[in-house]
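Breakdown of the fold
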Amino acid sequence: MFSLFKEEDTTDAPLSFYNTASRTLEPFVPLRKGEVTMYSCGPTVYDYAHIGNLRAYIFADILKRTLMYNGYRVRSTMNFTDFGHLTSDADTGDDKMMKGLKREGYDMTLENMRRLGDKYIAAFKADTKALHILPPTQYTRASDYVKEQIALIKTLDEKGYTYETSDGVYFDVSRYPQYGRLGNIDLDALKAGARVAVNEEKKHPADF
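First, a word on what this report is: a plain description of the structure on this page. These figures come from a predicted structure and were not determined experimentally.

The rules we used
- Residues numbered from 1 in each chain as written.
- Predicted model: local features only at pLDDT ≥ 70, side-chain atom pairs only at ≥ 80, totals over all residues.
- Heavy atoms only, no water.
- Buried < 20%, exposed > 50% of the residue type's maximum accessible area, 1.4 Å probe, protein only.
- Helix = DSSP H or I, 4+ residues; strand = E, 2+ residues; numbered from the N terminus.
- Arc of directions from axis to C-beta.
- Contact = heavy atoms within 4.5 Å.
- Polar contact = N/O pair within 3.5 Å; in protein donor to acceptor, adjacent residues only side chain to side chain.
- Patch = residues over 30% accessible without salt bridge, like charges linked within 9 Å, V, L, I, M, F, W, Y side chains within 5 Å.
- Areas by Shrake-Rupley, 256 points an atom, 1.4 Å probe, with all protein chains shown as cover.
- Salt bridge = Lys/Arg side-chain N within 4 Å of Asp/Glu carboxyl O.
- Phe/Tyr/Trp six-rings, centres within 6.5 Å; stacked < 30°, edge-to-face > 60°.
- Lys NZ or Arg CZ within 6 Å of the ring centre and 35° of its normal.
- Pairing = 2+ DSSP bridges.
- Core = buried A, V, L, I, M, F, W, Y, C linked by side-chain atoms within 4.5 Å.
- 1 Å grid on protein atoms, 1.4 Å probe; cavity = no way out; pocket = protein on both sides within 12 Å on 5 of 7 lines; lining within 4 Å.
- Points joined across faces, edges and corners; volume = space filled by probe spheres on them.
- Nonpolar A, V, L, I, M, F, W, Y, C, P; charged D, E, K, R; others polar.

Buried within helix α2 (residues 96-103) we find Lys-96, Met-97, Gly-100 and Leu-101. In an axial view of α2, the angular spread of the buried residues amounts to 145 degrees, which keeps them on one side of the axis. Where α2 is buried, its residues touch α3 (110-130). Its side-chain oxygen at 2.7 Å from the backbone nitrogen of Met-97, Asp-95 defines the N-terminal cap of α2.

Here you go:
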């Protein structure tokens, strides 16, 4: 019975994934032979993660381990959102980090926002270690890339992909015909107000 646990040579075994764009199971072909770069979204670090949050990171870990088991070198990145995540799906409400600062009695400063993030980043790493989740090759923090995010928005604006309202700048999904393809989203069928409050200034309910 111990042969059940014997490692097998998987060098020539095909690895396939479900392609959400084509809706079919397809052989996996990396951009670079033998190497995979992988990104997974990390937590918004304003509070402790709960078991429902951690499920997503277990999935990413299983995917990474599957690639490694099949002989690929995996370089993975996970971000920490410590800036710019609003409490509502309607792009309204407080920034979650601001909410955490208020809850814990901190003054509203960038220094304290980083301090709050440090606390919950450490807690998240402890949780993932307890779950035996492999750490990524690198972590990144959203607050370290604010200048780059602003530059990207300016580029999109110059190309006509955005428009401005009284509460900010929105990406116009109608300017990108393939938007929603991966999630099989029918933009024409979306109804304003079905999930979140209606923003009368938005051109389309899916604009963000």
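On the surface, a cluster of nonpolar side chains totalling about 230 Å² of accessible area is made up of Ile-58, Ile-62 and Leu-131. Relative to the elements of secondary structure, Ile-62 occurs in helix α1 (residues 51-69).

The final tally for this structure, using the stated rule, is ten aromatic pairs. Seen in terms of ring centroids, Phe-17 and Phe-28 are 5.4 Å apart; in terms of plane orientation they differ by 80 degrees. Their pairing is edge-to-face. On the criterion of sequence distance, the pair formed by Phe-17 in strand β1 (residues 16-19) and Phe-28 in the loop between β2 (24-27) and β3 (35-40) is long-range, its members being eleven residues apart. Owing to a relative accessible area of 23%, Phe-28 belongs among the partly exposed residues under this scheme. Ring centres 6.1 Å apart and planes at 5 degrees place the aromatic pair Tyr-161 and Phe-171 in the stacked group. Here Phe-171 lies in strand β7 (residues 168-171) and Tyr-161 lies in the loop between α4 (146-158) and β6 (162-165), a separation of ten residues in the sequence. On the basis of relative accessible area, Tyr-161 is assigned to the partly exposed category, the value being 23%. Classification of Phe-171 by relative accessible area gives buried; the value is 13%. Among the aromatic residues, those joined into a cluster by ring pairs are Tyr-57, Phe-80, Phe-124 and Tyr-139. Note that Arg-175 overlies the ring of Tyr-161, its terminal NZ or CZ placed 5.3 Å from the centroid.

This next bit is on the pattern of salt bridges. Opposite charge on two side chains makes pairing possible when the charged atoms of those side chains draw close. Counted by the stated rule, this structure contains eleven salt bridges. The salt bridge involving Arg-75 is made with Glu-35; its shortest N-O contact spans 2.8 Å. A residue pair is termed long-range when its members are at least 10 positions apart, and Arg-75 in strand β4 (residues 73-80) and Glu-35 in strand β3 qualify at 40 residues. On the accessibility criterion, Arg-75 (41% relative accessible area) is partly exposed. A relative accessible area of 17% means that Glu-35 is categorised as buried. Across the salt bridge formed by Arg-114 and Asp-144, the nearest N and O atoms sit 3.0 Å from each other. With Arg-114 in helix α3 and Asp-144 in the loop between β5 (138-141) and α4, this pair connects stretches of sequence that are 30 residues apart. Beyond isolated ion pairs, a larger network of salt bridges with shared partners links Asp-47, Arg-103, Glu-104 and Lys-119.

Across four bridges, β6 lies against β7 in antiparallel orientation. Bridging from a neighbouring strand, Glu-164 pairs with Val-169 of β7. Linking β6 to β7, which pair antiparallel, is a turn of two residues.

Our focus in this paragraph is the nonpolar core. Note on soluble globular proteins: their nonpolar side chains tend to be buried together. Residues Val-45, Tyr-57, Phe-80, Met-97, Leu-116 and Phe-124 are the most contacted members of the largest nonpolar core, which totals 14 residues. Mapped by element, the contributors of at least two residues to this core are α1, β4, α2 and α3. Broken down by element, this core gets its largest block of residues, five residues, from α3. Those residues in contact with Val-45 that sit more than four places away from it in its chain are Phe-80, Thr-81, Asp-82, Met-97, Leu-116, Gly-117, Tyr-120 and Ile-121. Formed by seven residues, the second largest nonpolar core is a distinct cluster that contains Val-36, Ala-60, Leu-67 and Val-74.

So, on to empty space enclosed by the protein. Across all of its chains, the model carries one cavity of 30 Å³ or more by this definition. Forming the walls of the largest cavity are 13 residues, and the residues nearest its centre are Ser-40, Ala-60, Lys-64, Met-78 and Leu-134. Counting residues per element, the ones that place at least two in the lining of the largest cavity are β3, α1 and β4. For the lining of the largest cavity, the leading source of residues is α1, giving four residues. Here the lining of the largest cavity is composed, by residue class, of eight nonpolar, three polar and two charged.

Don't take any of this as a statement about function, it's just geometry.
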